[in-house]
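# Observations on the three-dimensional arrangement
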Amino acid sequence: MKTDEEIMEAVSELRREDEPREGARDVVIPVGGMTCASCSAAVERAVRKIDGVKSVSVNLATEKASIAYDAELVRLSQIKAAIRKAGYEPKILEGLSLASSDDQAEEKRKEIRVMWRKFALSATATLPLLYISMGHMIGLPLPRFLHPMHNPFAFALAQLILVLPSIWAGRRFYSLGAKAILHGSPNMDSLIALGTSASFLYSIYSFAKVAGGNHSATGDLYFETTATILTLILLGKSLEAVSKGRSAEAIKKLMALSPKTATVLQEGKELEMAVEELEPGDILLARPGERIAVDGSVIDGASSVDESMLTGESIPVDKSPGSSLTAGTINKNGALVYRAERVGTETALARIVKLVEDAQGSKAPIARLADRVSGIFVPIVFAIAVLASATWLIAGESIAFALTVFVSVLTIACPCALGLATPTAIMVGTGRGAELGILIKSGEALEIAHRTDVVVFDKTGTITEGKPSLADVEPAPEVDRGFLLSLAAA
């Protein structure tokens with residue numbers, strides 16, 4: 001049995017361990033060029049190797065790396081250099097503001113437009129390519145000048161021309177895939193690049209044989225395989241980009257609750273100033289109907305403020321000198337003069353946004369398991385593809401058959417869903433929750449929520465409809481109910 005003094009000493013020791021050290025830093029770095037869970041695992045491995053890095057978690061869905069490090073042992077530039085060396089691009093760290101949120105949203109919209117254009121280009125070329133290469137096999141009509149029996153060279157040349165737009169549209173897979181292989185961490189792009197390159201190069205070899213007069217080589221053309229794989233992958237990437245963009249909108253909607261400008265009182269004059277420029281101690285004016293710009297306290301005026309975005313309570317709260325104000329709440333019916341106390345990332349609204357961002361970027365236990373699996377998944381798939389094709393060659397099958405097996409294993413085994421499904425689900429879940437006023441602290445909390453059997457609320461106001469209504473009327477004796485209601489309505 002421990003004494004009171006021993007217990008207090010143990011608690012003090014734990015507190016000292018939890019206190020941040022002088023050089024402790026937490027940073028979130030946007031990372032470009034990641035396409036699958038193998039990419040995020042490669043970035044984590046590269047950063048974790050640096051002496052002074054305490055923890056690193058890379059979220060594929062948000063494309064951000066959350067890193068805790070000791071600034072006395074490592075600099076941020078070294079962490080960025082390690083990410084770059086792994087084959088990915090660390091982006092500029094942006095502050096928590098509506099402007100940066102708008103920029104990120106516009107960047108996402110641009111990415112979605114580009115992905116759909118690439119898919120449209122690839123699909124437009126792939127459909128006629130599939131018709132030319134496969135249509136005659138199921139009895140569909142094919143012009144004589146393109147028929148393999150009558151004009152094999154034109155048949156092969158048309159396929160070669162039609163596959164080129166798909167390769168151009170999917171060129172990013174080849175550049176990123178080759179870069180990942182060179183850095184010793186092959187990813188999904190590497191699988192796509194190798195699989196489609198193998199079928200394309202073998203088809204080029206067969207095309208050369210057709211051009212040389214070996215007309216039977218038309219049966220060994222696999223241009224449509226290359227184009228179809230690239231088209232389907234581009235479709236998946238386009239849908240993935242749309243999903244990410246929708247989830248990011250939740251953050252933007254939260255940040256939009258804060259006004260872009262505020263009215264500052266200086267020497268008796270009213271000046272309109274960007275919220276980002278406000279400092280603690282500034283004297284601000286909130287007119288009726290305006291949103292409170294920053295956290296502060298009232299120094300003059302009286303009004304009621306709608307704080308439902310923060311508390312869930314629909315009835316406005318009366319404010320007078322000395323009352324506290326929260327950024328994002330709405331001043332209803334009177335002018336308020338207030339002093340700024342917490343600005344920028346220190347406001348309650350900014351902390352709520354940060355909480356939602358952290359939740360979207362956090363990993364649930366199942367996501368960490370998926371990352372561990374996908375980190376070794378790609379090299380294993382490479383090995384299986386080579387082993388399978390070599391086995392069929394040894395068994396006496398043709399090179400074309402062995403190539404088909406090789407390409408099939410590489411493309412079917414792409415671990416897209418493995419690394420993307422869980423973080424995307426967390427993004428959508430936490431984002432939708434934020435839109436409905438439910439703040440979810442982390443991915444782990446979201447994952448274990450299904451085990452909840454009791455929910456305790458501190459007050460009923462936060463779970464009501466938010467619109468007060470008249471439930472019943474009990475007039476005093478000898479008072480007419482209709483007359484009483486007419487007075488209330490007046």
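See above for the structure.
Please read all numbers here as calculations on a predicted model, not as lab measurements.

## Description of the pattern of salt bridges
The full count for this structure, using the stated rule, is 6 salt bridges. Of the charged contacts, one joins Arg48 and Glu44 as a salt bridge, the two residues approaching to 3.6 Å between their closest N and O atoms. Of this pair, Arg48 and Glu44 both sit in helix 2 (residues 37-48), 4 residues apart, roughly one helical turn. Judged by its relative accessible area of 45%, Arg48 falls in the partly exposed class. Between Glu290 and Arg287 there is a salt bridge, with the nearest N and O atoms lying 3.5 Å from each other. Given the relative accessible area of 26%, Glu290 is considered partly exposed. Its relative accessible area of 32% is what places Arg287 among the partly exposed residues. One salt-bridge network, in which partners are shared between bridges, spans Glu270, Arg287 and Glu290.

## Considering the packing of helix 6 (residues 171-182) against helix 7 (residues 188-211)
Their axes nearest at 7 Å, the elements helix 6 and helix 7 cross at an angle of 115 degrees. By the angle between their directions, the pair helix 6 and helix 7 is classed as roughly perpendicular. With respect to the hand of their crossing, helix 6 and helix 7 are arranged in left-handed fashion. Where helix 6 abuts helix 7, its residues Phe173, Tyr174, Leu176, Gly177, Ala180 and Ile181 lie against Asp189, Ser190, Ile192, Ala193, Leu194, Thr196 and Ser197. For the contact of helix 6 with helix 7, the per-class residue count stands at 8 nonpolar, 4 polar and 1 charged.

## Description of the packing of aromatic side chains
Going through the model one piece at a time under the given rule, you end up with 6 aromatic pairs. A centroid spacing of 5.0 Å and a plane angle of 75 degrees characterise the contact between Trp392 and Phe401, whose relative ring orientation is edge-to-face. Accessibility expressed as a relative area gives 37% for Trp392, which makes it partly exposed. Over the face of the ring belonging to Trp168 we find Arg171, whose NZ or CZ atom lies 3.9 Å from the ring centre.

## Topic: the sheet that holds strand 8 (residues 295-301)
The strand order across the open sheet formed by 6 strands is 6-5-7-13-8-11, and the pairing between neighbours is antiparallel. Edge positions in the sheet fall to strand 6 (269-274) and strand 11 (324-325), since each of these pairs with one other strand and no more. Direction of pairing for strand 7 (residues 283-286) relative to strand 13 (residues 336-342): antiparallel, over a ladder of 4 bridges. Looking at strand 13, one finds that Leu285 is bridged to Val337.

## Digging into the nonpolar core
As a rule of thumb, soluble globular proteins bury nonpolar side chains together. If you look at the biggest cluster of nonpolar residues, it comprises 69 residues, and the most contacted ones within it are Ile67, Ile79 and Tyr88. Setting aside chain neighbours within four positions, we find Ile67 in contact with Arg25, Asp26, Val27, Ile29, Val47, Val53, Ser55, Val56 and Ile79. One finds Ala262, Met273, Ala286 and Leu336 within the second-largest nonpolar core, a separate group that totals 17 residues.

## Here we look at helix 3 (residues 76-85)
For helix 3, the full list of buried residues reads Ile79, Ala82 and Ile83. One face of helix 3 carries all of its buried residues, which in axial projection span an arc of 100 degrees. Taken together, the buried residues of helix 3 touch strand 1 (24-32), helix 2, strand 2 (53-59), strand 3 (64-70) and strand 4 (89-90). Looking one or two residues beyond helix 3, the residue adopting positive phi is Gly87, at roughly 105 degrees.

About the thresholds
- Note that residues are indexed from 1 along each chain, following the sequence as it is written.
- With the structure being a predicted model, the display of local features is reserved for residues of pLDDT at least 70 and the display and counting of side-chain atom pairs for 80 or more, all residues being used for whole-chain, interface and lining totals.
- Side-chain measures were taken over the full set of non-hydrogen atoms in the model, leaving aside hydrogen atoms and water.
- Salt bridges, as used here, are contacts in which a Lys or Arg side-chain nitrogen is within 4 Å of a carboxyl oxygen on Asp or Glu.
- Only DSSP runs of H or I with at least four residues qualify as helices, and only runs of E with at least two residues qualify as strands; both kinds are numbered from the N terminus onward.
- Only protein chains enter the calculation, and the probe is 1.4 Å; a residue is then buried if its accessible area is under 20% of its type maximum, exposed if over 50%, and partly exposed in between.
- Convention adopted: a line fitted to C-alpha atoms gives each axis, helices being fitted over their contacting stretch, and angles between N-to-C directions are expressed from 0 to 180 degrees.
- An angle counts as roughly parallel when it lies under 35 degrees, as roughly antiparallel when it exceeds 145, as roughly perpendicular when it falls between 65 and 115, and as oblique in every other case.
- Crossings are assigned a handedness: left-handed for a near helix turned anticlockwise from the far helix by less than a right angle, right-handed for a clockwise turn.
- Any two residues whose heavy atoms approach within 4.5 Å are treated as being in contact.
- In the scheme used here, Gly and all other residues not listed as nonpolar or charged are polar, with Ala, Val, Leu, Ile, Met, Phe, Trp, Tyr, Cys and Pro taken as nonpolar and Asp, Glu, Lys and Arg as charged.
- Pairing of aromatic rings covers Phe, Tyr and Trp, the last through its six-membered ring, and needs centres within 6.5 Å; plane angles under 30 degrees mean stacked, over 60 mean edge-to-face, and all others mean tilted.
- Any Lys NZ or Arg CZ found within 6 Å of a ring centre and within 35 degrees of that ring's normal is scored as a charge over the ring.
- We call two strands paired when DSSP finds no fewer than two bridges between them.
- We define a nonpolar core as any set of buried Ala, Val, Leu, Ile, Met, Phe, Trp, Tyr and Cys residues linked to one another through side-chain atoms lying within 4.5 Å.
- To be clear, the arc concerns the directions from the helix axis to the C-beta atoms.

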